[in-house]
Amino acid sequence: MTRTPDQGASGDGTAAPARPQTSVDGRTPARDPSRDLTGGGARRPARRHPDAAPDREQSRSAGASLRFGYGTNGLADLRLDDALALLADLGYDGVGLTLDHMHLDPLAPDLAARTRRVAHRLDALGLGVTVETGARYVLDPRRKHGPSLLDADPDDRARRAGLLVQAVRVAADLGAHAVHCFSGVVPDGTDEDTAWKRLAETLTPVLDAATAAGIPLAVEPEPGHLLATLADFHHLRRTLGDPEPLGLTLDIGHCQCLEPLPPADCVRDAAPWLRHVQIEDMRRGVHEHLPFGDGEIDFPPVLAALAATGYQGLTVVELPRHSHAGPHFAARSLPFLRRAAVSAAPHGDPSATPEGSRTP
């Protein structure tokens with residue numbers, strides 16, 4: 001999907017004066033260090049962060065085939081324009097863009113125009129994108145992640161489904177490779193059979209929209225939710241009749257937290273349905289997203305398994321509770337992942353490496 005900035009002409013047929021480039025919020029001048037606006041549009045090398053990973057082509061030539069991104073829910077204290085510029089400067093391949101009030105607000109006016117500005121900005125910076133829908137209070141300022149797809153009130157469930165349909169439209173306009181979502185927690189007083197029925201029914205119009213847009217819907221198994229494990233994903237898939245647009249978001253930390261198999265084996269088992277990947281460190285039995293090296297995951301075999309699947313989407317760092325120091329952790333995370341990916345190349349069978357925290 002090729003996007004080009006709007007071009008216009010004045011009423012007398014002459015070229016219209018160039019308009020100053022604006023940020024994705026449409027209000028403030030964009031800061032793009034990769035463009036020389038005084039030199040006839042010629043590009044100049046981007047100023048690189050001192051902790052930046054090797055550039056993308058250099059990393060891939062060293063054996064890394066994966067594309068890494070960083071989630072904007074871990075950069076919530078930055079303007080979206082600044083967050084995107086930071087990630088491009090650090091050498092990331094893309095961004096996991098959470099639709100939320102501080103970034104691309106899905107409920108504010110002029111969403112289509114704002115989405116076009118973000119699309120142009122992503123193109124200018126060379127960033128891919130996944131649309132994520134895990135904003136805590138985007139629909140209800142009093143209930144975290146509420147309303148959900150499982151709520152007793154059908155109007156509340158429809159609000160969540162409507163947000164996901166909107167996310168599919170945004171994803172199509174951005175050229176995103178998937179839309180991420182999750183089931184929600186089973187409400188008090190609701191039995192699991194009823195919850196599964198609600199989930200399947202409420203997701204149906206979202207899947208219809210995803211089919212029409214050609215955008216996969218990637219459901220994430222989330223600890224504590226109705227759909228918490230890979231087995232639960234397969235239960236939903238079978239219940240819905242294995243619809244083509246239904247895919248999987250695999251969170252590597254969640255695999256470490258509660259799956260019976262090691263994370264590398266989870267990757268291999270999930271491969272046919274893999275549409276989005278989130279990654280962070282974690283400890284067994286504790287749902288806490290940790291910076292790399294602070295948990296128990298051995299990443300080279302995990303990344304080797306992921307590369308072996310042929311997965312082409314983004315692998316997005318997910319550190320939402322570290323947003324207070326988001327630029328610091330974004331700068332630390334990519335070099336770690338690049339080294340782990342390169343060191344994974346000669347490992348052969350990833351399952352031969354024992355689990356346990358190991359910093360490349």
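A quick note: this is a predicted structure, and the numbers were derived from the prediction, not measured.

Caption draft 1: Structural view of unusual backbone geometry. Here the bond from Gly146 into Pro147 is cis, since omega is -15°, no more than 30 degrees from zero. Residue placement: Pro147 occurs in the loop between strand S3 (128-132) and helix H4 (154-174). Positive phi, normally seen in glycine, also occurs at Asp110, with a value near 60°. Relative to the assigned elements, Asp110 resides in the loop between strand S2 (94-98) and helix H3 (111-125). Judged by its relative accessible area of 59%, Asp110 falls in the exposed class.

Caption draft 2: Geometry of the pattern of salt bridges. One pass over the full model with this rule turns up nine salt bridges. Here Arg121 makes a salt bridge to Asp81, at a shortest N to O gap of 2.7 Å. In this pair, Arg121 is assigned in helix H3 and Asp81 in helix H2 (residues 80-90), connecting sequence segments 40 residues apart. Exposure class is identical for Arg121 and Asp81. Each is buried. Within the structure, one salt-bridge network assembled from shared partners comprises Asp140, Arg143, Asp151, Asp156 and Arg159.

Caption draft 3: Spatial organisation of the packing of aromatic side chains. Inspection of every chain in the model, using the stated rule, returns four aromatic pairs. Members of the aromatic cluster, joined through ring pairs, are Phe292, Phe299 and Phe336.

Caption draft 4: How the structure looks around the side chain of Ser183. On the secondary structure map, Ser183 appears in the loop between strand S4 (179-181) and helix H5 (192-213). For Ser183, a relative accessible area of 1% translates into the label buried. At a separation of 3.1 Å, a polar atom in the side chain of Ser183 contacts the main-chain amide nitrogen of Leu227. Not counting the four nearest positions on each side in its chain, Ser183 is found in contact with Ser148, Leu149, Leu150, Leu199, His225, Leu226 and Leu227.

Caption draft 5: Spotlight on the pairing of S2. Where burial is concerned, most of S2 is hidden: five out of the five residues are buried. Residues Gly94, Gly96 and Thr98 of S2 are buried on one face, and the alternating residues Val95 and Leu97, pointing to the opposite face, are buried as well. Sheet topology places strand S1 (residues 67-71) next to S2; three bridges connect them, and they run parallel. Paired with Gly69 across the two strands is Gly94, which belongs to S2.

Caption draft 6: Seen up close, the packing of H4 against H5. Put simply, H4 and H5 touch, their axes get as near as 9 Å, and they point 20° apart. Regarding the angle of H4 to H5, the classification is roughly parallel. Of the two possible hands of crossing, H4 and H5 adopt the one that is right-handed. Where H4 approaches H5, its residues Arg157, Ala161, Leu164, Val165, Val168 and Ala172 are matched on the opposing element by Arg198, Thr202, Leu203, Pro205, Val206, Ala209, Ala210 and Ala213. Here the contact of H4 with H5 is built from residues that sort into eleven nonpolar, one polar and two charged.

Conventions we followed
- Each residue is numbered by its place in its chain's sequence as written, counting from 1.
- Where totals are concerned, whole chains, interfaces and linings use all residues; where local detail is concerned, this predicted model gives features only for residues with pLDDT of at least 70, and gives and counts side-chain atom pairs only at 80 or more.
- Heavy atoms from the whole structure form the basis of all side-chain values; hydrogens and water molecules are not counted.
- Here a helix means four or more residues in a row that DSSP labels H or I, a strand means two or more in a row labelled E, and each is numbered from the N terminus.
- For the exposure calls, accessible area comes from a 1.4 Å probe over protein chains only, and a residue counts as buried if that area is under 20% of its type's maximum, exposed if over 50%, partly exposed in between.
- Any carboxyl oxygen of Asp or Glu that lies within 4 Å of a side-chain nitrogen of Lys or Arg is treated as forming a salt bridge with it.
- The criterion for an aromatic pair is that two Phe, Tyr or Trp rings (for Trp, the six-membered ring) have centres within 6.5 Å, with stacked assigned to planes under 30 degrees apart, edge-to-face to planes over 60 apart and tilted to the rest.
- Pairs of N or O atoms within 3.5 Å make up the polar contacts considered here, provided that, within protein, one atom can donate a hydrogen while the other can accept it, and that residues adjacent in sequence are counted only when both atoms are side-chain atoms.
- Any two residues whose heavy atoms approach within 4.5 Å at even a single point are treated as in contact.
- Any two strands between which DSSP finds at least two bridges are classified as paired.
- Lines fitted to the C-alpha atoms define the axes, with helices restricted to the stretch that makes contact. Angles between their N-to-C directions range from 0 to 180 degrees.
- In what follows, roughly perpendicular refers to angles from 65 to 115 degrees, roughly parallel to angles under 35, roughly antiparallel to angles over 145, and oblique to any angle outside these ranges.
- Here a crossing is called left-handed whenever its near helix is offset anticlockwise from the far helix by less than a right angle, and right-handed whenever the offset is clockwise.
- Ten residue types, Ala, Val, Leu, Ile, Met, Phe, Trp, Tyr, Cys and Pro, are classed as nonpolar, four, Asp, Glu, Lys and Arg, as charged, and the remainder, Gly among them, as polar.

None of the figures reported here should be taken as evidence of function without further support.
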